[in-house]
Amino acid sequence: MTMINNNNIFLLIFLSTIVLIYHQRTSSFANAFGVNDCLAFCSNESCINSCHSKINEDANANINLNCRGKDCIMIKHNMGKYIIEQSTNDRIWKTIKISNGKFSFISNLISNTSYRFRLRRLTEKGVSRPETSDWFSTYNVDYVPKKVFNVSLLKMEIDKTNVCRLSADISFEPADDLSCYYNVLYWQYEHDLRYLTIRKAPTFSFHLRNLEFDRNTTVYVSSVNGIDKDVSDQTTLTFVTPSCLEMHNNLKICSPQKVEGLHMIDIYKHDGLYDVIVNWDKPSIEPDNYTIQLETFRKDKILLTVPGNETEAHFIDIKLEKQYKVSIIADSIGGSSPVSKIITDCNVMLVNEYSLFQNIMIPLVIIMTIFILVTICMFLFKGRTKLCHKQYTHFQALNQKEFPTSVPKLLEENKNISNNDKTLLPLDKFELSPKKLQLKDILGSGAYGIVRLGLFRDDFGTVINVAVKGLKDNPSVDDINNFYKEIQIMKSAGKHPNIVSLIGYCTMYNKPLLIVEYCCNGDLQTYLRKIWKNTINDILDYKSQFKFDQCIHNYENDQKTDRTVENHLYGIRQEYITAVDLLNFARQIANGMEFLSTNRIVHRDLAARNVLVCSDNIVKISDFGLSRDIYQENVYKKQGSGKLPLKWMAIEALTHQIYTTHSDVWSFGILLWEIITLGCTPYPGVPTSNILKLLKTGYRMEKPPNCGENLYNIMYSCWHIRPQSRPTFTELKNDLDMLLNNYTDNKYLNLS
């Protein structure tokens, strides 16, 4: 009995020992797993030591939502090192990272999903108790964020990398949906458009660099759901950067300020000679010197240079007539100031030294001269009136049977426009005599202008065909002013083999006429569509082999709705065309646009309808003035007093009305698509009102079936959302040259 009891006691002790060992090992395993989770995120000894102990302290994290997106959330918390866990249902927690700082960005989340986050503070003593956040949700995939507000300038200072430039700190307030992504667009003048992107924004501010002095600067900020997708409306800030002198106050770095208070006095001496005294205000900082120029009515120019501490200059014994102009600039090591100038009438003074004979004879000679000139002018005016009456009678009788209603009254005086409203052009080599011009039949008509065929006889007696553009009846003052501006733009553009060059201009009965090169095959759009139509007529029996049904339908609709332009007399002689011809068209247009962009001319309406075709397959860019005809009702959208070619416009022109050489490159890509498809309307089947929304989604026109990958890549590169990432016209010309040099049948473009 004693033996049995001893055995039981021994067994009981043995079992108790096993249970105790098992319990201890189980607890140590559980603790080990927690420590391992902590250790997995540690990179130094202090962190490793803290993982081995738990402390009875709060995390004191103060968790808040900072921003979010469709697949990310950024939380804001007190400064410190934290172990972060996330959960979608409060039951299963996943350790995701260790954060050190005030912000923690969590990515790779599911869209339209709510998350909670649990933070444990890591200290030298160990790991604190957890602190749990509120529920934070991600955006839907197609969610469009709300626009920001209160964009403001915080600070303006000299750029640390370039003393001749400025930098600025800009802040904004996010909307209540707190996006993490923002696009910033800013520009100081037409050819200086720049982009900036803000990603994972811990603070809602950004830094602009390389800003120029004394410039109007416009900044646009928009919220984005992800990268370049679902963009909000823009919020705008406009400010003027300070001048160089305001920032540096040093003429060794900066140009002097513009000379103020310029005025002059002329004092008559004798025999038509004057002394002219020029004065100006003393500047706050003296320049090194001043350069003053006096220009007479005869275009004689006299220069004076005076030290920078002077505020007066004297021109002695100057021959003046009627008007004269004085210009002044200030010079220093830092550069030259803007020009200040003033034009004034000469103060003609009579002096006692003139004899009685002079006082009587001079006025008598003047009166007789005026009488003779008036008589000659009246004689010439009567002769010109008879000649113009004959021409007008000829124009009235011209083509009455063929065009009984559309012949414009180009030579009738417009009585609705007063003489005060007319814009005059300076006399130059481009002003032509109406006697050398004979107007013939109508080539086409636009919304406010009419283009006619003309015959022009040059100074050597050679007669050439020209295109003559004139205004329709009863043009507004703005129409006439814009017409003259277009002439000035064409004058400044100069001559180029792929640009429609200006021959000259003249005025008939107060109606301005613009004379330019005549291109016998009309505009490129009509030219290509004519070729397409001839091709279709030849292959009707095999129509099922072609996949351009939508294009054909689109073209037929254009033929029904497009009634704004009527090109009656352009004779298209070529009925068929090769792929090399089309590539050469594109190359010539790129060559012409390279010339315009080099001369800082922005076309704004580059399209096949604004390219003209000459003999021998030469194409020339036209209508690159400030005003232009409106060709198609379904092409332009009314905005203010003008219309815009939406399907050819770059995305920044649609959103911000910004036109640059970069936006012309976008239009060139659309024009290249027109050439490849033989005159189809871009974005077939897409209403004009939906174009901007479609482009914002990242959509670009697909590759036409007959287009090779290399050619499509050139086209597609023109439609990059960032203007500076688009190719230049020089690069486009070189790329097309390479295709033409390496061309083999159907490699890049298949017209079979």
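Given the structure is predicted, the values throughout are model-derived calculations rather than measurements.

Could you clarify how one ought to interpret the pairing of strand β2 (residues 73–87) in this entry?
Looking along a regular strand, one sees the side chains alternate between the two faces of the sheet. Taken across its 15 residues, β2 has 11 buried, putting it largely inside the fold. Sheet analysis places strand β1 (residues 64–68) next to β2, joined by 4 bridges and oriented antiparallel. What sits directly across from arginine 68, in β2, is isoleucine 73. The antiparallel hairpin formed by β1 and β2 contains 4 residues in its connecting segment. In the sheet, β2 pairs with strand β3 (residues 94–106) via 11 bridges, with the strands oriented antiparallel. Among the inter-strand pairings, glutamine 86 is bridged to a residue of β3, identified as lysine 94. Linking two consecutive strands that pair antiparallel, namely β2 and β3, is a turn of 6 residues; a positive phi of about 70° is found at aspartate 90 within it.

Could you clarify how one ought to interpret the nonpolar core in this entry?
The nonpolar side chains of a soluble globular protein tend to be buried, and buried together. Among the nonpolar cores identified, the biggest contains 66 residues, and Leu524, Ile589, Phe668, Ile675 and Leu711 are the most heavily contacted of them. With near-sequence residues (within four places) excluded, leucine 711 lies in contact with Leu583, Leu672, Ile676, Leu736, Leu739, Tyr748 and Leu749.

Would you explain helix α12 (residues 709–717) in this entry?
For an α-helix the count is 3.6 residues per turn, leaving residues at separations of three or four pointing the same way. Of the residues making up α12, those classed as buried are Leu711, Tyr712, Ile714 and Met715. Take α12 and look down its axis: the buried residues cluster within an arc of 155°, on one side only. Residues of α12 that are buried make contact with α8 (579–598), α10 (661–676) and α13 (729–741).

Got a minute to help me understand the pattern of salt bridges in this structure?
Taken as a whole and assessed by the stated rule, the structure comprises 19 salt bridges. A salt bridge links arginine 120 to glutamate 85; the nearest nitrogen and oxygen atoms lie 3.6 Å apart. Of this pair, arginine 120 sits in strand β4 (residues 114–121) while glutamate 85 sits in strand β2, placing them 35 residues apart in sequence. Residue classification places glutamate 85 among the buried positions, given a relative accessible area of 9%. Its salt-bridge partner being lysine 155, residue aspartate 169 comes within 3.7 Å of it at the nearest N-O pair. Linking aspartate 169 in strand β8 (residues 166–173) with lysine 155 in strand β7 (residues 149–158), this pair joins segments that are 14 residues apart in sequence. The exposure class of lysine 155 is partly exposed, given its relative accessible area of 42%. Through salt bridges that share partners, Glu85, Arg118 and Arg120 make up one connected network.

Help me out: how do you make sense of the sheet that holds β8 in this one?
Whenever strands of a sheet pair, they do so through backbone hydrogen bonds, lying parallel or antiparallel. With respect to topology, 3 strands assemble into an open sheet ordered β7-β8-β11, the strand pairing being antiparallel. Every other strand in the sheet has two partners, leaving β7 and β11 (205–211) as the edge strands with one partner each. Taken pair by pair, the neighbouring strands of this sheet meet at an average axis angle of 25°, ignoring direction. Bridge analysis of β7 against β8 gives 7 bridges, and the strand direction is antiparallel. Along β8, the bridge assignment pairs glutamate 157 with serine 167.

When you look at the side chain of asparagine 66 in this model, what are you seeing that I'm missing?
Tracing the backbone shows asparagine 66 in strand β1. Looking at asparagine 66, the relative accessible area reads 5%, which means it is buried. For asparagine 66, the side chain forms a polar contact with the main-chain oxygen of proline 202, separated by 3.3 Å. Leave out the neighbours within four places in its chain, and asparagine 66 touches Met74, Ile75, Lys76, Phe103, Leu178, Ala201, Pro202 and Phe204.

I tried to follow the side chain of histidine 656 on my own but got confused; where do I start?
Here histidine 656 is to be found in helix α9 (residues 651–656). The class for histidine 656 is buried, based on a relative accessible area of 12%. In contact with histidine 656, not counting residues within four places along its chain, are Leu185, Tyr220 and Gln234.

Teacher, can you tell me more about the sheet that holds strand β15 (residues 273–279) here?
Strand order in the open sheet made by the 3 strands is β14-β15-β18, with antiparallel pairing throughout. Unpaired on one side and paired on the other, β14 (263–270) and β18 (312–319) mark the two borders of the sheet. When the angles between neighbouring strand axes are averaged without regard to direction, this sheet yields 20°.

Honestly, the packing of α12 against α13 in this entry has me stumped. Any pointers?
The angle between the axes and the distance between the axes are what describe a pair of packed helices. Contact geometry of α12 with α13 gives a least axis separation of 11 Å together with a crossing angle of 170°. As far as their axial angle goes, α13 and α12 are roughly antiparallel. The segment α12 lies against α13, with Asn710, Leu711 and Ile714 engaging Leu732, Asp735, Leu736 and Leu739. Residue composition of the contact of α12 with α13, by class: 5 nonpolar, 1 polar and 1 charged.

Explanation requested: unusual backbone geometry in the structure shown.
Across the chain, the bulk of peptide bonds are trans and the bulk of non-glycine residues have phi less than zero. In this structure, arginine 604 takes a positive phi of about 80° despite not being glycine. Note that arginine 604 resides in the loop between α8 and β27 (611–613). What makes arginine 604 partly exposed here is its relative accessible area of 39%.

Conventions used here
- All chains use their own residue numbering, which begins from 1 and follows the written sequence.
- Whole-chain, interface and lining totals are the exception, using all residues; otherwise, since this is a predicted model, local features are given only for residues with pLDDT of at least 70 and side-chain atom pairs are given and counted only at 80 or more.
- The side-chain numbers reported here are obtained from all heavy atoms of the structure, hydrogens and water having been left aside.
- For each residue, the accessible area found with a 1.4 Å probe, counting protein chains only, is set against the maximum for its type, and the residue is called buried under 20%, exposed over 50%, and partly exposed in between.
- Strands are runs of DSSP state E lasting at least two residues, helices are runs of H or I lasting at least four, and both sets are numbered from the N terminus onward.
- Any two strands between which DSSP finds at least two bridges are classified as paired.
- Grouping buried Ala, Val, Leu, Ile, Met, Phe, Trp, Tyr and Cys residues that are joined through side-chain atoms within 4.5 Å yields what is termed a nonpolar core.
- Any two residues whose heavy atoms approach within 4.5 Å are treated as being in contact.
- By arc we mean the arc of the directions from the helix axis to the C-beta atoms, nothing more.
- The term salt bridge refers to a pairing of a side-chain nitrogen on Lys or Arg with a carboxyl oxygen on Asp or Glu at a separation within 4 Å.
- To obtain an axis, a line is fitted to C-alpha atoms, over the contacting stretch when the element is a helix, and the angle between two such axes runs from 0 to 180 degrees between their N-to-C directions.
- Here a polar contact means two N or O atoms within 3.5 Å. Within protein one must be a hydrogen donor candidate and the other an acceptor candidate, and residues neighboring in sequence count only if both atoms are side-chain atoms.
- What sets the label is the angle itself: under 35 degrees gives roughly parallel, over 145 gives roughly antiparallel, 65 to 115 gives roughly perpendicular, and the rest give oblique.
- Classification used: nonpolar for Ala, Val, Leu, Ile, Met, Phe, Trp, Tyr, Cys and Pro, charged for Asp, Glu, Lys and Arg, polar for all others including Gly.

Nothing here speaks to function; it is all geometry.
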